[in-house]
Amino acid sequence: MAAAQAAPALAADALCCLGLGFLLGALYDLARFLLGDRRAACFAADVGAFCLAAVLLCSFSASRSRAGTVRWYMAAALLAGDVGYFSVLAPATRTLEGWIKWLLTRPAALLALAVGWPVRRMAECVRRAYREKKQKKAQARRTKQLQKNAKVLYNSK
């Protein structure tokens, strides 16, 4: 069993783990932004965040912590930092994410309008010309008769 630590050392460890929790929340949010909201992407981001939390907590406790081992208050501070990020900063990052998506998709939408409008007009002109040509052929076929409607006289010499 590890020896008891002083309160300032515990507070320093807890604050560092709180910061790691905020970092973990931001990285998870970034992964969800980059991977999207599909089911498999969410699962991959969840598993990655869980593994990253374990690695961050163990590496912090082994390298920087005064106790040298993982303690319950470190895990609680990491969780509190993660919850704090999602309750305080996540709404702002969601708004920022919406703006970034809008800015990234705006040139494509404007390009679609700039290119799509003339292409659509040309397609309508080609379609109209084809339809008129087809109607003229159909009308010519209708008016052209193979036999004249003359009287046929039988047994006439």
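Our structure is the block above this text.
Residues numbered from 1 in each chain as written. Predicted model: local features only at pLDDT ≥ 70, side-chain atom pairs only at ≥ 80, totals over all residues. Heavy atoms only, no water.

## Considering the overall build of the chain
Definition in use: Each helix corresponds to a stretch of at least 4 residues labelled H or I by DSSP, and each strand to a stretch of at least 2 residues labelled E; elements are numbered beginning at the N terminus. Here, two residues are considered to be in contact whenever any of their heavy atoms come within 4.5 Å of each other. Every accessible area reported is derived by Shrake-Rupley at a probe size of 1.4 Å, with residue values counting cover from the shown protein chains alone.
In terms of regular secondary structure, the chain is built from 3 helices and 0 strands. The order of helices and strands in the chain, counted from the N terminus, is α-α-α. Considering only intrachain contacts with a sequence separation of at least 6, the fraction spanning at least 24 residues in the chain is 72%. As presented, the chain carries roughly 12,500 Å² of accessible surface, and 66% of it is formed by carbon and sulfur atoms.

## Looking at the pattern of salt bridges
Oppositely charged side chains can form a pair if their charged atoms are brought close together. The cut-off we apply is this: We define a salt bridge as a side-chain nitrogen of Lys or Arg found within 4 Å of a carboxyl oxygen belonging to Asp or Glu. Throughout, exposure labels follow a simple rule: accessible area from a 1.4 Å probe, protein chains only, divided by the maximum for the residue type, with under 20% read as buried, over 50% as exposed, and the rest as partly exposed.
Applying the stated rule across the entire model yields 4 salt bridges. With a shortest N-O distance of 3.3 Å, Asp-37 and Arg-32 are connected by a salt bridge. Classification of Arg-32 as partly exposed rests on a relative accessible area of 22%. One salt bridge in this structure joins Glu-97 and Lys-101, with 3.4 Å as the shortest N-O distance.

## Quick look at the nonpolar core
Stated precisely, the cut-off is as follows: By nonpolar core is meant a set of buried Ala, Val, Leu, Ile, Met, Phe, Trp, Tyr and Cys residues that side-chain atoms within 4.5 Å join together.
Formed by Cys-17, Leu-20, Leu-24, Ala-53, Leu-56, Leu-57, Phe-60, Ala-67, Tyr-73, Met-74, Ala-77 and Leu-78, the largest nonpolar core amounts to 12 residues. Elements supplying a minimum of two residues to this core: helix H1 (7–35), helix H2 (39–63) and helix H3 (72–143). Leu-24 has contacts with Ala-49, Leu-52, Ala-53, Leu-56 and Asp-82, leaving out every residue within four places of it along the chain.

## Notes on the packing of aromatic side chains
Short version of the rule: Two aromatic rings, drawn from Phe, Tyr or Trp (for Trp, its six-membered ring), form a pair once their centres lie within 6.5 Å of each other, and the interplanar angle then sorts them: stacked below 30 degrees, edge-to-face above 60, tilted otherwise.
As enumerated under the stated definition, the model contains 3 aromatic pairs in all. Arranged with centres 6.1 Å apart and planes meeting at 85°, the rings of Trp-72 and Tyr-73 form a pair that is edge-to-face. Looking at Tyr-73, the relative accessible area reads 13%, which means it is buried. Summarising the aromatic geometry, the rings of Tyr-85 and Phe-86 are spaced 5.2 Å apart at their centres and angled 85° between planes, so their arrangement reads as edge-to-face. Three or more aromatic residues joined by ring pairs form one cluster here, namely Tyr-28, Tyr-85 and Phe-86.

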